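For reference, the chains in residue letters:
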Amino acid sequence: MTQNYDRDELWQFPCEICFKVMAINRDGVDMEVAEVVNRHAPNDYSPASKLSRDGNYVSLSFMVVVESKEQVDAMYREVFTVEGVKMTL
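Source: prediction; values computed, not measured.

Criteria and thresholds
- Residues numbered from 1 in each chain as written.
- Predicted model: local features only at pLDDT ≥ 70, side-chain atom pairs only at ≥ 80, totals over all residues.
- Heavy atoms only, no water.
- Salt bridge = Lys/Arg side-chain N within 4 Å of Asp/Glu carboxyl O.
- Helix = DSSP H or I, 4+ residues; strand = E, 2+ residues; numbered from the N terminus.
- Buried < 20%, exposed > 50% of the residue type's maximum accessible area, 1.4 Å probe, protein only.
- Core = buried A, V, L, I, M, F, W, Y, C linked by side-chain atoms within 4.5 Å.
- Contact = heavy atoms within 4.5 Å.
- Pairing = 2+ DSSP bridges.
- Axes fitted to C-alpha atoms, helices over the stretch in contact; angles between N-to-C directions.

This part is about the pattern of salt bridges. Evaluated as defined, the whole model comprises two salt bridges. A salt bridge links Arg 39 to Glu 78; the nearest nitrogen and oxygen atoms lie 2.5 Å apart. Of this pair, Arg 39 sits in helix α2 (residues 29-40) while Glu 78 sits in helix α3 (residues 69-79), and the two are 39 residues apart along the sequence. Arg 39 gets classed as exposed once you look at its relative accessible area, which sits at 52%.

Now the structure itself:
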């Protein structure tokens, strides 16, 4: 049986989340995504990255402290404006 949870019930702000982005592997995509994340949760980010088996895609992971669900939503929305971003977690 699957239970649906409201994230407001699960998250207590402020909290630290792992913000993951999957994108087409191209020069500078990591820095462009980091700039977006930094606009919403200022910090000096050096994302962990992992290439796909064939090197066509890259996964970027950021540990981010967030203050509200609105902040999280805005960050997720804006990161999709970066060319090549395919998915977020």
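Moving on from the model shown.
Between Phe 13 and the following residue, Pro 14, the backbone shows a cis peptide bond with an omega angle of -5 degrees. With respect to the element layout, Pro 14 can be found in the loop between α1 (7-10) and β1 (15-24).

Soluble globular proteins tend to pack their nonpolar side chains together in the buried interior. The biggest cluster of nonpolar side chains holds 22 residues, and the ones touching the most others in it are Phe 19, Val 33, Val 37, Phe 62 and Val 64. Only β1, α2, β3 (57-66) and α3 provide two or more residues apiece to this core. Among all residues touching Val 37, those that are not within four sequence positions of it are Phe 19, Tyr 45, Phe 62, Val 64 and Met 75.

What follows concerns the pairing of β3. The sheet contact formed by β1 and β3 spans ten bridges and is antiparallel. Residue pairing across strands places Ile 24 opposite Tyr 57, the latter belonging to β3. Here four bridges tie strand β2 (residues 48-51) to β3, and the two strands are oriented antiparallel to one another. Within β3, the position partnered with Ser 49 by the bridge is Leu 60.

Turning to the sheet that holds β3, a few remarks are in order. Read across the open sheet, the four strands follow the order β2-β3-β1-β4; overall the sheet is antiparallel. Each edge of the open sheet carries a strand with a single partner, namely β2 and β4 (85-88). Going from strand to strand, the sheet's axes swing by 25 degrees on average, the running direction of each strand aside. Sheet analysis places β1 next to β4, joined by three bridges and oriented antiparallel. Paired with Ala 23 across the bridge in β4 is Val 85. Strands β1, β3 and β4 of the sheet are contacted by α2, whose axis makes an angle of about 20 degrees with β3. Against the sheet, α3 makes contact with β1, β3 and β4, and its axis sits at roughly 10 degrees relative to β1, the strand it touches most.

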